Amino acid sequence: ETMVKTATNRIHIKGGRVVNDDQSVEADVYIEEGVVKGVGKDILVPGGARIIDARGKLVIPGGIDPNTHFEIESHGVTSVDDFYKGTKAALVGGTTLTIDCVLPEKDESLAEAYEKWRQKADGKVVSDYSLHVAVTWWGEKVKDDMALLAKEKGVNSFLVFLAYKDKYQLSDSELYEFFTHCRELGVLAMVHAENGDLVAEMTKKMLGMGIRGPEGHVLSRPEELESEAAQRAIAIANRVNCPIYITRVMSTSAGDVIAAARKRGNVVYGEPTAAGLGTDGSHCWDKNWKVAAAHVTDPPLRPDPSTPDHLMDLLANGDLQTVGSDNRTFSTNQKAVGKDDFSKIPSGVNGVEDRMSVVWERGVISGKMDENRFVAVTSTNAAKIFNLYPKKGRIAEGSDADVIIWDPEAVRTISVRTHHQAVDFNVFEGLTCHGVPL
């Protein structure tokens, strides 16, 4: 029993190349009690450690997925990946920490909603996790709850919606107050950027024209409504000197808005999604309704096939900073709630398991980024932005032992038949990835 415990608590990773965001070195890694105790060529390792041979492999920080939605409700159904299945799939794909989002109902206490999410997650997760909290309405009670969550629960990021009219959308004046309060609390303001008023009008227009299939979702949310909202959020936040993080950057024009703002000196971060980098919105016109509906998410995947490459370019050169999965998975039967009305299709796609492989394939294998930038956009940048660094997002003495052995020579083909998520469709179906976590 003592020998088993010792071997489990002490791990010696030998012969690999340790890859951080700023450098790669040939080095061993010694781990004890879940903490990295040494990194180097000639580190002293106590006897009884379990040895892992990493020759020819990369030793990288565990991935951080800054955007998941496990057990989320939409149109009367609950997403099929719960906190157990979701975090298990994340680990299989090389992600060791997920950041989910608390979504209070209108007029619900943010603090009470936070506790509900903790109750859902704590008994199920098989990896580390954290929580953003969405601000879905505005008032003095919300401001008080934000202060309480920041000071007593350690919540340091709050998400606001410019979309979802009459449900979660805040007005520009409320957005100004929200940014002001975030600045005062020292927390990060996150933004879902779409013009909710015009989305509502375009949805009515599409339905009035008899367009009711999944393609109507894309047509009702054109990319200029995303880029306009991103520009508006940046402008309002700049009035109060509030840093912002724009989540779900799905279009070329929204990415360019963020890049231009950063060049002007605005403190703004952008997060494309795995799906936005790995596929496109043309599938929403597929003659098979199941395929088309499976690709419905918001903001939508863009039908322009050049979009994924452009977003990857922005990610590779530093104009965008992180990659989320925005994992919201609904089965075909659940999506069928909207079979006669695209506006009722539960929105969301998979990605928590395949995020790392998609970025490696589309980013590193394509030659757009090196292994260090890969670590930055899949782990380190998120750790820094969300105040987790250097415990997370780095392999160094004193860091948490969130360590992944990555085989750059291994090959796998993504398929619903072999993935570990509960959903019955995979938007990356058939994508061959050269680079696999072991």
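Everything discussed here concerns the structure shown above.
Throughout what follows, the structure given in this document is the object of discussion. Just so it is clear, the model here is predicted, and its values are computed rather than measured.

**Overview of the layout of surface pockets**
Turning to step 1, where the next piece is worked out: Put simply, the largest pocket is a space of about 670 Å³.
Turning to step 2, where the next piece is worked out: Taken together, 28 residues form the lining of the largest pocket, with His-75, Tyr-164, Lys-167, Arg-221 and Asp-298 sitting closest to its centre.
Turning to step 3, where the next piece is worked out: Among the elements of the structure, strand 9 (73–74) and helix 6 (196–208) are those that each provide at least two residues to the lining of the largest pocket.
Turning to step 4, where the next piece is worked out: Here the lining of the largest pocket gets four residues from one element, more than from any other, and that element is helix 6.
Turning to step 5, where the next piece is worked out: A per-class count over the lining of the largest pocket returns 13 nonpolar, eight polar and seven charged.
Turning to step 6, where the next piece is worked out: In this structure, the second largest pocket encloses a volume near 290 Å³.
Turning to step 7, where the next piece is worked out: Lining the second largest pocket are 15 residues, and of these Glu-73, Leu-103, Glu-105, Trp-117 and Lys-120 sit closest to its centre.
Turning to step 8, where the next piece is worked out: The set of elements that each furnish at least two residues to the lining of the second largest pocket consists of strand 9 and helix 3 (110–122).
Turning to step 9, where the next piece is worked out: Per-element accounting of the lining of the second largest pocket gives the leading share, four residues, to helix 3.
Turning to step 10, where the next piece is worked out: Here the residues of the lining of the second largest pocket sort into six nonpolar, two polar and seven charged.

**Observations regarding a nonpolar patch on the surface**
Turning to step 1, where the next piece is worked out: Residues Tyr-84, Leu-91 and Val-126 make up a contiguous nonpolar surface patch of about 230 Å² in total accessible area.
Turning to step 2, where the next piece is worked out: Take Val-126: it is sitting in the loop between helix 3 and strand 12 (128–135).

**With respect to the packing of helix 14 (residues 355–365) against helix 15 (residues 371–385)**
Turning to step 1, where the next piece is worked out: For the pair helix 14 and helix 15, interaxial distance at closest approach is 10 Å and the crossing angle is 140°. In this structure, helix 14 meets helix 15 at a crossing whose hand is right-handed. Facing helix 14, whose interface residues are Arg-355, Met-356, Val-359, Trp-360 and Val-364, helix 15 presents Glu-371, Phe-374, Val-377 and Thr-378.
Turning to step 2, where the next piece is worked out: For the contact of helix 14 with helix 15, a count of residues per class yields six nonpolar, one polar and two charged.

**A short note on the side chain of Thr-273**
Turning to step 1, where the next piece is worked out: Structurally, the position occupied by Thr-273 is in the loop between strand 16 (268–270) and helix 10 (274–278).
Turning to step 2, where the next piece is worked out: Of the residues examined, Thr-273 reaches a relative accessible area of 3% and is grouped as buried.
Turning to step 3, where the next piece is worked out: Looking at Thr-273, its side chain comes within polar contact range of the main-chain nitrogen of Gly-276, at 3.0 Å.
Turning to step 4, where the next piece is worked out: Beyond its immediate sequence surroundings of up to four residues, Thr-273 is in contact with Arg-248, Val-249, Met-250, Val-323, Gly-324, Ser-325 and Asp-326.

**Remarks on the packing of helix 8 (residues 223–239) against helix 9 (residues 252–263)**
Turning to step 1, where the next piece is worked out: Interhelical geometry of helix 8 versus helix 9 gives an angle of 20° and a closest axis separation of 7 Å. When the axis of helix 8 is compared with that of helix 9, the two are roughly parallel. Both helix 8 and helix 9 take part in a crossing whose hand is right-handed. Contacts between helix 8 and helix 9 involve Glu-223, Glu-226, Ser-227, Ala-230, Gln-231 and Ile-234 on the former and, on the latter, Thr-252, Ser-253, Ala-254, Val-257, Ile-258 and Ala-261.
Turning to step 2, where the next piece is worked out: Across the contact of helix 8 with helix 9, the residue classes tally to six nonpolar, four polar and two charged.

Reading the values: the criteria
- Residues numbered from 1 in each chain as written.
- Predicted model: local features only at pLDDT ≥ 70, side-chain atom pairs only at ≥ 80, totals over all residues.
- Heavy atoms only, no water.
- 1 Å grid on protein atoms, 1.4 Å probe; cavity = no way out; pocket = protein on both sides within 12 Å on 5 of 7 lines; lining within 4 Å.
- Points joined across faces, edges and corners; volume = space filled by probe spheres on them.
- Helix = DSSP H or I, 4+ residues; strand = E, 2+ residues; numbered from the N terminus.
- Nonpolar A, V, L, I, M, F, W, Y, C, P; charged D, E, K, R; others polar.
- Patch = residues over 30% accessible without salt bridge, like charges linked within 9 Å, V, L, I, M, F, W, Y side chains within 5 Å.
- Areas by Shrake-Rupley, 256 points an atom, 1.4 Å probe, with all protein chains shown as cover.
- Salt bridge = Lys/Arg side-chain N within 4 Å of Asp/Glu carboxyl O.
- Axes fitted to C-alpha atoms, helices over the stretch in contact; angles between N-to-C directions.
- Left-handed = near helix turned anticlockwise from the far one by under 90°.
- Contact = heavy atoms within 4.5 Å.
- Buried < 20%, exposed > 50% of the residue type's maximum accessible area, 1.4 Å probe, protein only.
- Polar contact = N/O pair within 3.5 Å; in protein donor to acceptor, adjacent residues only side chain to side chain.
- Parallel < 35°, antiparallel > 145°, perpendicular 65-115°, else oblique.

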